[in-house]
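Examination of the molecular architecture
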Amino acid sequence: MHTYLPQPAPDVMLSHMEENKKRTELKISGMSCAICATIIEKSILSLEGISNAQVNLGTETVIIEYDSTKLTLTDIEKAVTDAGYKVINEEVNLKIGGMTCAMCVKTIENALVRLDGIVSANINLGTQKAYVTYNPGIITVSEMKKAIEDAGYEYLGIEGGDTEDLEEIARENDLRKKRNRFIVGFAIGIPLMILMHLSVDFPVSMMAYFMLVVSTPAFVYVSHPIFIAAYRALKNRNLNMDVMYSMGIGVAFISSIMGTFEFVLTRDFLFYDTAVILASFLTIGRYLEAKAKGKTSQAIKKLMGLQPKTAAVIRDNNEIKIPIEDLLIGDIVIVKPGEKIPVDGPVVDGESYVDESMITGEPIPVLKKKSDNLVGGTLNKNSIIRFEARKVGKDTVLSRIIRLVEEAQGSRPPVQRIADRAVSYFIPVVLAIAILCFIFWYFISGETLLFALTTLITILVVACPCALGLATPTAVTVGIGRGAELGVLIKNGEALEISEKLTTIVFDKTGTLTQGKPDVTDIVGTGIDDKELLRMAASVEANSQHPLAEAVVLRAEEMGIEIEQSEDFDTFEGKGVVAKVEGKEVLVGNRALVSEKNISYPEDFEKEIFKLEDGGKTAILIAKDGEICGMIAIADKLKEWTKDAIKEFKEMKYDVIMITGDNARTADRVAEQIGIKDVFSEVLPQDKAGVVKGLQKSGKVVAFVGDGINDAPALAQADVGIAIGSGTDVAIETGEIVLMKDDLMDCVCAVQLSKKVMSRIKQNIFWAFAYNMALIPVASGVLYPFFRITFRPELAGLAMAMSSVTVVTLSLMLKGYVPPVKKRIETR
């Protein structure tokens with residue numbers, strides 16, 4: 001450990017440095033020795049502005065003092081990662097109220113990322129959440145809360161905390177206030193509009209003063225949230241739609257006041273009814289949008305609703321009921337019939353059928369007995385069981401699924417870059433168009449000031465990028481939530497976009513296309529008794545965890561054969577194993593291993609191997625002291641829906657490929673049974689990723705489907721990794737898509753869902769652009785010279801509201817989406 005101190009500096013410089021000096025602690029992973037500590041220290045100290053860096057190898061932390069005017073925390077983290085190590089940060093999901101458009105997202109993101117200690121902040125407009133990665137040694141959640149509130153938005157708490165009721169109450173209050181405002185606005189604005197268009201024999205001045213008195217309280221009540229939001233946006237140096245709306249309705253109302261008192265303008269400029277109705281339309285648009293957005297995360301709420309609030313446990317020999325958050329690892333939990341299982345753990349007493357459909361999608365309850373694992377959120381059906389709490393809180397399967405879905409809903413697919421880029425230029429462009437149109441109609445074309453002013457107001461109101469900001473996040477949120485309901489966990493938005501572009505689906509064979517539970521079908525001894533052959537093979541295979549080895553051992557146990565202890569066990573990956581049994585060297589493996597050991601066998605024996613392999617069986621050869629003494633044939637049954645799933649993919653025009661470690665003859669036979677023509681056989685586990693890479697180099701976009709454990713490298717290499725889970729054993733950390741059930745039809749379902757969500761995102765973006773592209777020119781007055789058609793500001797407000805409602809409604813329609821493959825299964 002080394003300490004580096006700064007050189008003395010003049011008093012003035014020291015006082016300046018003290019003012020800007022900050023001290024932080026970073027958690028580092030990847031350190032293994034004192035050299036690592038030295039490397040990290042040197043890397044950090046090479047940065048300008050670092051005054052001290054101390055690495056503690058024991059706690060795997062580094063304490064840093066630095067000048068915040070010369071570098072940021074991000075610069076320091078980059079120095080650590082460039083040195084080959086990783087900085088460990090924490091993540092928190094914050095619930096936020098009051099967001100209405102894409103510029104609100106940008107405002108909050110800017111407010112958060114400006115805070116020292118924030119690594120990244122990703123805001124989801126659809127779910128009203130901020131996904132923040134931060135350094136807890138520098139910044140706290142309370143500081144984030146202050147930044148959010150200072151930016152003019154409402155902090156509703158931390159996701160996962162007890163904030164669901166608070167969030168719902170805040171949403172209902174907000175909806176009620178919006179509803180009251182637009183009701184008052186229309187109740188005042190519509191009569192004023194009717195009065196304006198009736199030929200009533202009142203003096204114009206009396207009419208103007210009457211409208212001023214009646215409309216002012218209603219206008220202030222309805223529009224003040226818009227003006228406050230605009231002020232906050234400008235205060236944070238952001239241009240958002242509230243600024244434009246404020247300009248539109250503000251110009252309308254101020255022009256009316258000026259016309260009333262005949263200050264610059266005449267009494268022709270009475271927009272009181274327009275200002276009130278326009279503010280009401282803007283409010284009703286926000287109301288409908290907020291109400292619809294509240295429905296986007298119902299899938300998450302359903303998942304959260306699966307977990308009970310309390311649990312019955314045994315403590316001090318007494319049964320007591322405690323809040324679920326007080327459960328400890330090791331607690332003995334009692335679950336009665338009809339109750340939900342609170343957390344994960346193995347059964348220690350009792351037997352009962354448990355309905356796991358809410359997690360796995362399997363409709364038939366599963367019998368759970370001693371040592372069987374229970375999953376939190378599932379339903380105990382018919383008997384009292386006791387189990388030991390092994391995973392609690394955020395470590396339970398249900399919590400991990402919820403966290404996975406939330407993170408995925410907060411992610412942004414690359415297609416959103418189009419919308420993000422468009423929004424950043426949109427408002428300045430629209431402001432320029434509005435001003436240029438005003439100048440053109442009034443100063444160049446010679447139209448009345450009233451006409452030019454109406455055009456300016458209409459453009460400011462009709463041009464709304466809110467729909468563009470909602471197009472992607474609402475569709476991703478609803479689509480991924482729907483996937484969770486279907487038992488398909490999509491881990492990020494990028495997986496959705498890539499899934500739409502897939503050309504090739506590669507399947508691992510064992511455990512994916514087949515059941516993964518091989519069974520011994522034939523025992524063929526040459527000069528040795530079949531039982532003796534099986535005894536020798538099982539004695540060696542008892543040391544292995546390979547599925548084929550387990551099949552051999554299981555058959556020996558079923559036949560009552562005593563398995564001997566073996567010595568000097570050695571494994572040859574993808575080929576077989578060798579060990580000594582009763583002093584004799586016994587080899588159990590495939591032909592590649594036998595050939596490698598220079599062991600020969602007669603031609604008749606080879607014909608028997610071919611015969612078994614032609615039947616789709618895997619032949620395991622057994623040799624004792626260098627001489628072949630027989631073989632054992634093993635077959636793995638296809639899964640129920642394998643053939644149907646492959647047929648579906650082929651009908652969808654995908655290239656379907658099987659990859660396996662089996663020999664070519666066996667592999668070809670299995671592939672033939674399920675309708676696959678392209679096969680990669682005799683591929684070692686570590687080489688599967690290489691096969692995927694080769695396909696990608698040839699221009700194919702590849703999805704790899706595997707069990708998520710043995711196939712991790714290939715899953716990671718593929719453009720989209722699809723990991724097949726099996727109920728409680730879900731490989732959540734592997735692949736971009738996780739299937740909760742061990743069912744290949746869900747693989748088809750995942751791809752179809754991805755294509756549907758991406759299609760809906762593109763639809764949303766189209767409609768968001770279409771509204772603006774169609775209505776901005778009309779609002780600008782392009783039809784006026786030819787058809788004398790103009791666009792009223794009130795209609796512009798209605799169109800703006802409908803653009804956002806259209807996009808959110810299209811996204812919400814995904815909640816009822818049923819993949820075509822599911823429909824076909826249900827009709828069979």
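The rules behind these values
- Per chain, the residues get numbers from 1 upward, laid out in the order the sequence is written.
- Local features in a predicted model are, by the rule used here, given only for residues with pLDDT of at least 70; side-chain atom pairs are given and counted only at 80 or more, and totals for whole chains, interfaces and linings are based on all residues.
- The side-chain quantities take in all heavy atoms of the structure and omit both hydrogens and water.
- Any carboxyl oxygen of Asp or Glu that lies within 4 Å of a side-chain nitrogen of Lys or Arg is treated as forming a salt bridge with it.
- Going along the chain from the N terminus, every DSSP run of H or I of four or more residues is numbered as a helix, and every run of E of two or more is numbered as a strand.
- Centres within 6.5 Å make a pair out of two Phe, Tyr or Trp rings, where for Trp the six-membered ring is used; the pair is then stacked when the planes are under 30 degrees apart, edge-to-face when over 60, and tilted otherwise.
- Only protein chains enter the accessibility calculation, which uses a 1.4 Å probe; a residue is then buried when its area is under 20% of its type maximum, exposed when over 50%, and partly exposed in between.
- N or O atoms closer than or at 3.5 Å make up a polar contact, with two conditions inside protein: a donor-capable atom paired with an acceptor-capable one, and, for residues adjacent in sequence, both atoms drawn from side chains.
- Pairing between strands is defined by DSSP: at least two bridges between the two strands are required.

1. Quick notes on the pattern of salt bridges
Summed over all chains, the structure comprises 29 salt bridges. Across the pair Asp742 and Lys639 runs a salt bridge whose closest N-O atoms are separated by 2.4 Å. In this pair, Asp742 is assigned in the loop between strand S30 (737-739) and helix H26 (745-780) and Lys639 in the loop between strand S25 (627-635) and helix H22 (642-651), connecting sequence segments 103 residues apart. Put simply, Asp655 and Lys700 hold a salt bridge, and the shortest N to O gap is 3.2 Å. Pair noted here: Asp655 is in strand S26 (residues 655-659) and Lys700 is in the loop between helix H24 (688-697) and strand S28 (702-706), with a separation of 45 residues, a long-range link.

2. Examining the packing of aromatic side chains
Per the counting criterion, the structure on display carries 18 aromatic pairs. Taking the centre distance of 4.4 Å and the plane angle of 40° together, the rings of Phe451 and Tyr784 count as tilted. One end of the pair, Phe451, is in helix H14 (residues 449-462); the other, Tyr784, is in helix H27 (residues 784-787), and 333 residues separate them in sequence. For the residue pair Phe451 and Tyr784, the accessibility class agrees, reading buried in each case. With 5.9 Å between their ring centres and 55° between their planes, Phe507 and Phe649 make a pair best called tilted.

3. Some words on the side chain of Thr618
When you line up the elements, Thr618 lands in strand S24 (residues 618-624). Separated by 3.5 Å, the side chains of Thr618 and Asp662 make a polar contact.

4. Focus: unusual backbone geometry
One non-glycine residue, Ser371, lies in positive phi territory at about 80°. With respect to the helices, strands and loops of the structure, Ser371 is situated in the loop between strand S14 (366-368) and strand S15 (373-374). One non-glycine residue, Glu582, adopts positive backbone phi at about 55°. Along the chain, Glu582 falls in the loop between strand S22 (576-581) and strand S23 (584-589). Here Glu582 falls in the exposed class, since its relative accessible area comes to 54%.

5. Digging into the pairing of strand S17 (residues 385-388)
The side-chain alternation of S17 yields one buried face, formed by Ile385 and Phe387, and one unburied face, formed by Arg386 and Glu388. Inspection of the sheet shows strand S11 (residues 332-335) paired to S17 by four bridges, in the antiparallel sense. If you follow Ile332 over to S17, its bridge partner there is Glu388. As defined by bridge partners, strand S12 (residues 345-349) adjoins S17 across two bridges and the pair is classed as antiparallel. When the sheet's bridge partners are listed, Val347 is paired in S17 with Phe387.

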